[in-house]
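Here's the letter readout for the chains.
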Amino acid sequence: MKEARVLYWFRTDLRLHDSPALQAALDLKPAVLYPIFTFDPHYVYHSKGSGNRWQFLLDCQNDLSASITKLNPKSKLFVLREAPQTLLPKIFKAWRITHLVFERDTDSYARDRDRVVSSLARDAGVETVTRYGRTLWDSDAVVAKHGGKPTMSITQLQAAGKKVGAIPRPIPAPTSLPDPGETPIDFEQELPDADPDLNAPVREGEFKPFKTGIAGPHGDFRPEVLEELGFPPATTPHRGGETIALKMLDDIIADEEYTAKFQKPKTSPAAFEPQSTTLLSPHHHFGSLSPRLFYWRVQDLISRFKGSASAPPESLTGQLLFRDMYFAAQAAIGSPFTQTYNNPYCRFIPWHLPSHVESGTETGANAISGQYHIDSPQAERWFQRWKAGLTGFPWIDALMRQLKHDGWIHHLGRHSVACFLTRGGCYVHWERGADVFEEWLLDHEPACNAGNWQWLSCTAFFSQYFRCYSPIAFGQKWDKEGLFVRRWVPELKDLDAKYIYEPWKAPRSALDKAGVRIEGDGGLGSGGSGIGKREEGTYPEPMIDFNERRKVCLDAMKTAYQVGINGDDERVKNGTWRELFEAAGQGEMQEEDHAFSDADVDHADDAEHVSHKRKVPVKKEGPMDRHFKKIKKEE
DNA sequence: TTCGCTGTTGGTATT
DNA sequence: AAATACCAACAGCGA
């Protein structure tokens, strides 16, 4: 039998513990095994990032590489700088690969990419071996057991999961790894198409990685350093890597009371240093911690715990079930899951700032360009102030500033700011908020992000829209003294606790004592330039009358629920939805659109709000797009 | 078909 | 401090 020369392709499974795919690779008893990571230009140019998230990824790569070397001093993580769709065929040949092994992924870009890559492998006579390991259960298997439908509640997920079978026990990390072979790269590097570059507005320095050759600046396949990426320096204290993740898990499990009695709704969104939840979500995203390892560590503790343990959905294991629920929903719905348009399970609501929809896109493919229509200049100002943490509501602003700086906020904090932006204040489209979270969250996961925004905006998963988070009372409930606000909104750090959540109500004497004036709009009022350039010693006035807006939003939500159409409705696509909403009576609506015209979009660019603008990646044809089409035709 | 129950995590006023 | 009623009332599920 021919000896196996295995290319093990690490992607969102940057770990050695509990990796079903890595196990499958080792089961091939390979003569050589190359652990590789392809530095995919898609993620550099076509999906939004931040210095914080890049740092986390590089942490994971460096840690993994060190762990590999510990098992075999000849080996390491080989970081290859080129798109896998163009690179892998050349590597197959140059490194005489017989097997390509990787962990399957479920988001729509990954599925498309993997279909392309598997086909290229077949052409090259390379056998592709995949395993699934991103969630507790294989998401496709969950969908199959749920009648091919998306799991829209936690009970549905639990029922379907039960039918799939027991959650697999974690697989131990390997104790040895085969040598890698020679690594000739005497072929041409295909440079990625840098246009459109969604991150250009955020990037500060020159972007170098693809100019340094496939093996990097030192020719040794090392991961990049953050400076080479040109993003602003990371500001987050949260760091990546499997070693850190396993240590964090150990520390959590060691606190038996905390682990066994964990109730998510009772953990405080205002807690900081330390936070009240585990901070493990970014590790699940990058794969530096397996959800099954986490699950079984908790479950084994609970089964020997003396006392009353909490149970799903509130418990720690319940949190993992929600993650599985969103993954399985995405697996069933496909690419429309991350948007309203074409999504049969997402209620249509005529929010402000709707996404620009590519005309003539009738397939299930992603039709949202990332650009949006400014139907209401006021809503645009509210959105920009929300993003900048200058709404004039200290609780909201503290959360948004923590989000930008740390790349993480507590789940209930996400509820607060999401409700405020959408159905409980600004009536801005949930897709705008999801865009911001996508850019800033370390733990950004397409399925969970879209699912949670749909939940909070009452467009799917959740529907009790009259349960509305107060930007004042909700924070007060957790943090009477306003310590969290003082930490993130230093303008107010000396203000009496009595007014910390409502500084506009403070008397002159209290404000003088705290050395702050409540005035202005945070410097975003005229044209949007000068974020954060508000006058020294001031904090903005509240941008909305919350109680008034709450009523307006409730009315509008009621109307939308009466109309009751979803994103795949013909009337959503052809624009006749407007008549339905007019007939249904009161409720805020998008202003009439000469919408969806380029002129509007350009206007937004003039206002320097470019960071949320995307050109259309799917429209631009690169080499791999052509290949993808070819494969589609074959099927 | 209708009914009643449940759904991870609300706000406010009152006791 | 904590429990309760009320707000105004959705969607999915199972009986």
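Per an unreviewed UniProt entry, chain A is named Cryptochrome, and its organism is Apiospora saccharicola. Recorded in UniProt under Sequence similarities (unreviewed entry), the annotation for chain A is "Belongs to the DNA photolyase class-1 family." UniProt lists a comment for chain A under the heading Cofactor (unreviewed entry), and it reads "FAD".

Novice: How would you summarise the packing of helix 16 (residues 411-421) against helix 18 (residues 446-456) if you had to cite specific residues and measurements?
Specialist: At a minimum axis separation of 9 Å, helix 16 and helix 18 run at an interaxial angle of 60°. Of the possible angle classes, the one that applies to helix 16 and helix 18 is oblique. Relative to helix 18, the crossing made by helix 16 is right-handed. In this structure, helix 16 uses His 411, His 415, Ala 418, Cys 419 and Leu 421 to contact helix 18, whose residues at the interface are Asn 452, Trp 453 and Leu 456. In terms of residue class, the contact of helix 16 with helix 18 is built from five nonpolar, three polar and no charged.

Novice: Can you break down the pairing of strand 2 (residues 32-38) residue by residue, with the values?
Specialist: Each regular strand shows side chains that alternate between the opposite faces of the sheet. In terms of burial, strand 2 is a largely internal element, seven of the seven residues being buried. Neither face of strand 2 is exposed, since Val 32, Tyr 34, Ile 36 and Thr 38 on one face and Leu 33, Pro 35 and Phe 37 on the opposite face are all buried. Two elements, strand 1 (residues 5-10) and strand 2, share six bridges in a ladder whose sense is parallel. Residue pairing in the sheet places Leu 7 in a bridge with Tyr 34 of strand 2. The β-α-β motif built from strand 1, the intervening helix 1 (residues 20-27) and the parallel element strand 2 has right-handed crossover chirality.

Novice: Quick one: what's the story with the protein's contact with DNA strand C, residue by residue and with numbers?
Specialist: For DNA strand C, the full set of nearby residues is Gln 156, Arg 347, Ser 463, Gln 464, Phe 466, Lys 558 and Tyr 561. Among the atoms of DNA strand C lying within 4 Å of the protein, the sugar-phosphate backbone contributes 89%. A distance of 2.4 Å separates a phosphate oxygen of DNA strand C from a polar atom in the side chain of Gln 156. With respect to DNA strand C, the side chain of Lys 558 contributes an N or O atom lying 2.8 Å from a phosphate oxygen. Here the surface near DNA strand C is composed, by residue class, of two nonpolar, three polar and two charged.

About the thresholds
Residue positions within a chain follow its written sequence, with the count starting from 1. As a convention, the first chain written is A and the first ligand written is 1, with the rest following in written order. Restriction of local features to residues with pLDDT of at least 70 applies here, the model being predicted, together with a cutoff of 80 or more for giving and counting side-chain atom pairs; totals for whole chains, interfaces and linings are based on all residues. Heavy atoms throughout the structure, all of them, feed into the side-chain values; hydrogens and water do not. UniProt positions are given in the numbering used here, feature names are shortened, and annotations may be inferred rather than shown by experiment. Note on geometry: axes are C-alpha line fits, over the in-contact stretch for helices, and angles between N-to-C directions span 0 to 180 degrees. Runs of E in the DSSP output that reach at least two residues are strands. Runs of H or I that reach at least four are helices, and both are numbered from the N terminus. Here is the rule for angles: anything less than 35 degrees is roughly parallel, anything more than 145 is roughly antiparallel, 65 through 115 is roughly perpendicular, and the remaining ranges are oblique. Each crossing gets its handedness from the near helix: less than a right angle anticlockwise from the far helix is left-handed, clockwise is right-handed. For this analysis, residues touch if any pair of their heavy atoms sits within 4.5 Å. Under the scheme applied, nonpolar residues are Ala, Val, Leu, Ile, Met, Phe, Trp, Tyr, Cys and Pro; charged residues are Asp, Glu, Lys and Arg; polar residues are all the others, including Gly. Accessibility here uses a 1.4 Å probe with only protein chains present; expressed as a share of the type maximum, an area under 20% marks a residue as buried, one over 50% as exposed, and anything in between as partly exposed. A pair of strands is treated as paired once DSSP finds two or more bridges between them. When the strands point away from the viewer and the connection leading from the first strand across the helix to the second strand turns clockwise, the crossover is called right-handed. Neighbouring residues are identified by heavy atoms, a residue being near a molecule or strand if any of them is within 4 Å of it. Two N or O atoms form a polar contact when they lie within 3.5 Å of each other; inside protein one atom must be a possible hydrogen donor and the other a possible acceptor, and for residues adjacent in sequence the pair counts only when both atoms belong to side chains.

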